[in-house]
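Letter by letter, the chains look like this.
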Amino acid sequence: MTQAQLAQGQDPLLAVRDVSVVFGGIVALNGVSFDMHQGQILGLIGPNGAGKTTLFNCLSRLYQPSAGDILMEGRSILTRPPHRIAEIGIGRTFQNVALFANLSVLDNVRVGTHSRTNSDIISDSLKLPWVRRGEAALNKHVHDIVSYLDLDDVAHVTVSGLPFGTQKRVELARALAADPKILLLDEPAGGLNHEEVHVLGDLIRRIRDERNVTILLVEHHMGLVMSIADHVVALNFGRKLAEGTPAKVQSDPDVIKAYLGSKDQ
């Protein structure tokens, strides 16, 4: 989806409005605003301490902003506790892989489906027909996600024994299992080699294009961000430094000075 298409009066899927976060007198975010549109890959960049992770944690409701609002489809998400955020279609991965190390790949992905279930303990214990049908549908969904991310060969393997790059895909599969409208990816290229980063970029595009998922990407790997993002927001010292197309942000003098070092980097 091009920026021209996004600009044709489309309401934002996600709107960050003047969000500030203060920790004990330290300003981590200072009046940050931007919009995300349906079908967009938005890259959030900035040096260490810029406020990227703080903003991510506000979006996933781990932090409560000191001021401002975050709207999804026109409604504030700030009244929702973290365990209810998946219900409205927000999923995320973590910079440090947060899997259940002693569970298999399938079971880790199955955990991601919790927001899709609506049964109760009595119905589960009685194994009512509608519960069995629901379980069968969820199991098919989990296997489909595992296959989609080429994890069939390790589906029954305990994740603690898998290479780091594979564990990253498992975490991505778990996030996709909830059928998110917005997927928050926190440093997905961290710890990956050059070839793995290239494969990851293709995968992120496929997820957007084939599964209709809007993606917010926090990433230090500039080559990845600039090659796949439709729109980029740069932060520095908790403030928005620049915003626009990858080419515009990459050539912004303030961004070059604060983060990129030079246009050739």
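Bear in mind the structure is a predicted one, so any value in this text is a computation, not a measurement.

Strand order in the open sheet made by the six strands is E6-E7-E8-E3-E9-E10, with mixed pairing throughout. Single-partner strands in this sheet number two, and they are strand E6 (90-92) and strand E10 (239-244). Across the sheet, the axes of successive neighbouring strands diverge by a mean angle of 20°, strand direction being ignored. Sheet topology places strand E3 (residues 41-45) next to strand E9 (residues 231-236); four bridges connect them, and they run parallel. Bridge pairing links Ile45 to Ala234 in E9.

Below, the discussion takes up the sheet that holds strand E1 (residues 14-23). Spatially, the four strands line up as an open sheet ordered E2-E1-E4-E5, and their pairing is antiparallel. One side of each edge strand has no neighbouring strand; the edge strands of this open sheet are strand E2 (26-36) and strand E5 (75-76). Contacts from helix H2 (residues 52-59) reach E1, E2 and strand E4 (67-72), with the element oriented near 115° to E1.

Turning our attention to the side chain of Glu171. On the secondary structure map, Glu171 appears in helix H6 (residues 164-176). Taking relative accessible area as the criterion, Glu171 reaches 2% and is therefore assigned buried. Setting aside residues up to four positions removed in sequence, Glu171 forms contacts with Thr93, Phe94, Val97, Ala98 and Leu99.

Taken N-terminus to C-terminus, the directions of H6 and helix H7 (residues 194-211) make an angle of 10°; their axes are 12 Å apart at the nearest point. Here H7 runs roughly parallel to H6, going by the angle between their axes. Of H7, the residues touching H6 (which contributes Gly165, Leu172 and Leu176) are Glu196, Leu203, Ile207 and Arg211. In terms of residue class, the contact of H6 with H7 is built from four nonpolar, one polar and two charged.

The next subject is H2. Most of H2 sits inside the fold, with seven of its eight residues counted as buried. For H2, the full list of buried residues reads Lys52, Thr54, Leu55, Phe56, Asn57, Cys58 and Leu59. Count one or two residues on from H2 and you reach Arg61, which has phi positive near 70°.

Let us look at the pairing of E3. Most of E3 sits inside the fold, with five of its five residues counted as buried. What you see with E3 is no split at all: Ile41, Gly43 and Ile45 on one side and Leu42 and Leu44 on the other are buried throughout. As defined by bridge partners, E3 adjoins strand E8 (residues 214-218) across four bridges and the pair is classed as parallel. Bridged to Ile41 within E8 is Ile215.

To continue, consider unusual backbone geometry. A positive phi angle, near 70°, is found at Arg61, a position not held by glycine. We note that Phe237 has phi near 50°; this positive angle belongs to a residue other than glycine. Note that Phe237 resides in the loop between E9 and E10.

Let us now look at the packing of aromatic side chains. According to the stated counting rule, one finds one aromatic pair in the structure shown. Sitting above the plane of the Phe94 ring, Arg92 keeps its charged end 4.1 Å from the centroid. We note Arg211 situated over the ring of Tyr148; from NZ or CZ to the ring centre the distance is 4.6 Å.

Rules behind the numbers
Residues numbered from 1 in each chain as written. Predicted model: local features only at pLDDT ≥ 70, side-chain atom pairs only at ≥ 80, totals over all residues. Heavy atoms only, no water. Pairing = 2+ DSSP bridges. Helix = DSSP H or I, 4+ residues; strand = E, 2+ residues; numbered from the N terminus. Axes fitted to C-alpha atoms, helices over the stretch in contact; angles between N-to-C directions. Contact = heavy atoms within 4.5 Å. Buried < 20%, exposed > 50% of the residue type's maximum accessible area, 1.4 Å probe, protein only. Parallel < 35°, antiparallel > 145°, perpendicular 65-115°, else oblique. Nonpolar A, V, L, I, M, F, W, Y, C, P; charged D, E, K, R; others polar. Phe/Tyr/Trp six-rings, centres within 6.5 Å; stacked < 30°, edge-to-face > 60°. Lys NZ or Arg CZ within 6 Å of the ring centre and 35° of its normal.

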